[in-house]
Structure formats: C-alpha cells, structure tokens
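Working through the structure, step by step
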Amino acid sequence: MENRPIPYRTMIQCFAELFFGFILVAGPISWTDRNSFFDTRNSDHNEQRWISLESLQDSVNVDLLVLGNSHAYTGVNPKQLSAATGMTSFVLANNGIIMRDAYWNLKSALELCSPQLILVETTLLNGKATKTKDSATLVSSIKSINARSRRGSKLESCLDLLSFDNLIYAWSPTLLNHHLLLEKPETVQKNILMGKYEVEPSKQKLFLGQHARFTQGLSIEDLALYDSLGPPITSDLLNISDENIEYTQRIIELAESVDAKVAFVAWRKL
C-alpha cells in the first residue's frame, strides 16, 4: 500500500482545532483561577505565614525557626518561646506535611531570614512519602507549595514534590478544588460574590499566636512530669520512610551551610 503524505492544509487544520480546543478549555479555567472562584485560601493560614515572614525581612531577623506540621503550629506559641529563650522565634509549619516539604520550607525561608537554631518537629518523620497515592499527603504538599512566596523556589519544589500528572493541580485552584461544585457549591457562590481573594499579613506578624492551643508556658510541675515519663518518641514507635531520612539529612546539611544548628523536638500529650 502506497504511503501518501498528509496534505499540508489538513495538518494546519488539525493544529488549529487542537489550539482552539485548548483555548476553550484553558481559557475558562484560567479565568476562574484569576478570580479565585475555587480558592480555599481564606480558610488556610499557611500563606499568611509566608507573607508575615517576608514582611519582617528588613526589620526583624528570625533567630529560631520551627519547622513542622499542625503539631508545631498548635503546640508552640512563638511569643512565649521568644520570651523564654531571648531568641526571636517563628513557626513555619503546614498541616499534614512531611520532611520533604519541610526541607523546601527551610530552603525558601533562608532567603528571608538567618536563623541561629532550627527546631524540627519529629512527627514529620513518619512512614509516609510524597508522590504516593495518598490524597491527603498530596493535597498537603500542594498547599505547602502554593503558600511559598518566592516563585523560583516554588517552581523548584513543585518539580521535586509532585509527580508529572499532579503538577497542574499545584498551579490551578479550579482543577484542584473542582469537587466544590458538587460538595460545597455555597463556597463557590461565596467566592464569586466576594471577588478575588487577597491574603494580608497577620496583624500579629511575628507570633501568629492565635493558632497555639496553649496560652501559658509549662510549669515546674509539668516539666518534672515530662522528665519522669521519659522520651515521648522511641525508635520502636517510629516507621520512618527512606525519603524522610534523606530529607532530614538535607535539612541538616542546609542548616550547616548557613552556620545554623538543628535540634529535634517531640510533643507529648499529658
């Protein structure tokens, strides 16, 4: 059978159809993204932390930086930690993240501050890994990526944290949160009426203490109880993935490169 070349006009027509088909799909998605119709950031404080950290860059340096997940930002009151240590403290944490996210948080944060001490919350050292089918881990990673204020590190971390088929979700709230149309249409309606959502720095800027569960420091009796109970985390209680071991080492090496010390902390529920 003779192979006949595809007519030039047919190729042009095919590319034109693909192009206009892409515009018909991408155009509305881009429009809803720009207008924040599917945005859930107004219920998410992660981005506000980065804006607050960036706003401090030229006025106050952060001496003590806490990396972690929700255990960190609900268990640590930076105002009390600063008062107790004499070191300006900031909790840079995202709910549900693991060690790989924390590494990229630190790398981005070092563009904005020069901490002397970096505290790493140990629940980051769990058996989970990114680029898995665990939807909760994926969504947490995407929120962590979107919260970062520096576009360069945001893109770099996106390529490291997500598999190719999930990359688009990190850049489009519409695609990430399209389920809201069926599950929470009132949220979409509220966003449409409210208009484009703008994140503002926290009024407390440095401390963000409204996310801490505790309003007072530990008493002498509490400290004595902690000492009597022994370490809250032991090796037999941890299931640490190889990925988390790798990124823990990366955090240590990154800290050493800027002459910062690293310490690991664990919370115990009394």
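Small disclaimer: the values here were computed from a predicted structure and weren't measured.

1. Notes on the overall build of the chain
Along the chain, the regular secondary structure elements total twelve helices and four strands. In the chain, buried positions account for 38% of the 270 residues. If you take every contact in the chain between residues at least 6 apart in sequence, the share linking residues at least 24 apart comes to 81%.

2. Some words on the sheet that holds strand 4 (residues 261-265)
Strand order in this open sheet of four strands is 2-1-3-4, and the pairing throughout is parallel. The open sheet has two edge strands with one neighbour each: strand 2 (89-93) and strand 4. With direction set aside, neighbouring strand axes in the sheet form an average angle of 20°. Direction of pairing for strand 1 (residues 64-68) relative to strand 3 (residues 117-121): parallel, over a ladder of four bridges. Across the sheet, the residue bridging to Leu67 is Val120, located in strand 3.

3. Things to note about the packing of aromatic side chains
Scanning the entire structure with this criterion turns up two aromatic pairs. Centroid distance Tyr103 to Trp104: 5.3 Å. Interplanar angle 75°. Geometry classified as edge-to-face. Here Tyr103 matches Trp104 in class, with each residue buried. Note on Tyr103 and Tyr247: the rings are 5.6 Å apart at their centroids and 65° apart in plane angle, and the pair reads as edge-to-face. Remark: Tyr247 occurs in helix 12 (residues 242-257) and Tyr103 occurs in helix 5 (residues 99-109); sequence separation between them is 144 residues. Using a relative accessible area of 2% as the deciding quantity, one classes Tyr247 as buried. An aromatic cluster is present here, built from Tyr103, Trp104 and Tyr247 joined pairwise through their rings.

4. Considerations on the nonpolar core
Leu53 and Leu67 are the most contacted members of the largest nonpolar core, which has 36 residues in total. Elements with a minimum of two residues in this core: helix 2 (46-55), strand 1, strand 2, helix 5, strand 3, helix 6 (135-147), helix 7 (151-161) and helix 12. Ranked by the residues each element gives to this core, the list is headed by helix 5, at six residues. Ignoring anything within four residues of it in the chain, the contact list for Leu53 reads Val62, Phe90, Leu92, Ala109, Leu112 and Cys113. The next biggest cluster of nonpolar side chains, apart from the first, holds ten residues, and it includes Val66, Ala72, Met87 and Val265.

5. Here's the deal with the environment of Ser108
With respect to the secondary-structure elements, Ser108 resides in helix 5. Assessed through its relative accessible area of 1%, Ser108 is described here as buried. Those residues in contact with Ser108 that sit more than four places away from it in its chain are Trp50, Arg148 and Ser153.

6. Some remarks on the environment of Glu54
With respect to the helices and strands, Glu54 occurs in helix 2. Here the alpha-carbon distance between Glu54 and Arg150, two residues 96 residues apart in the chain, equals 9.6 Å.

7. Some words on the confidence of the model for the chain
Per-residue pLDDT for the chain has a mean of 76; in total, 64% of the residues score no lower than 70. Per-element mean pLDDT across the chain ranges from 64 in helix 1 (residues 8-34) up to 94 in strand 3.

8. Remarks on the packing of helix 5 against helix 7
The N-to-C vectors of helix 5 and helix 7 enclose an angle of 165°; their axes lie 10 Å apart at closest approach. By the criterion of interaxial angle, the relationship of helix 5 to helix 7 is roughly antiparallel. Judged by the sense of rotation from one axis to the other, the crossing of helix 5 with helix 7 is right-handed. Within the contact between the two elements, helix 5 uses Arg100, Asp101, Trp104, Lys107 and Ser108 and helix 7 uses Ser153, Glu156, Ser157, Asp160 and Leu161. Grouping the constituent residues of the contact of helix 5 with helix 7 by class yields two nonpolar, three polar and five charged.

The rules behind the values
- Residues numbered from 1 in each chain as written.
- Predicted model: local features only at pLDDT ≥ 70, side-chain atom pairs only at ≥ 80, totals over all residues.
- Heavy atoms only, no water.
- Helix = DSSP H or I, 4+ residues; strand = E, 2+ residues; numbered from the N terminus.
- Buried < 20%, exposed > 50% of the residue type's maximum accessible area, 1.4 Å probe, protein only.
- Contact = heavy atoms within 4.5 Å.
- Pairing = 2+ DSSP bridges.
- Axes fitted to C-alpha atoms, helices over the stretch in contact; angles between N-to-C directions.
- Phe/Tyr/Trp six-rings, centres within 6.5 Å; stacked < 30°, edge-to-face > 60°.
- Core = buried A, V, L, I, M, F, W, Y, C linked by side-chain atoms within 4.5 Å.
- pLDDT = per-residue confidence, 0-100.
- Parallel < 35°, antiparallel > 145°, perpendicular 65-115°, else oblique.
- Left-handed = near helix turned anticlockwise from the far one by under 90°.
- Nonpolar A, V, L, I, M, F, W, Y, C, P; charged D, E, K, R; others polar.

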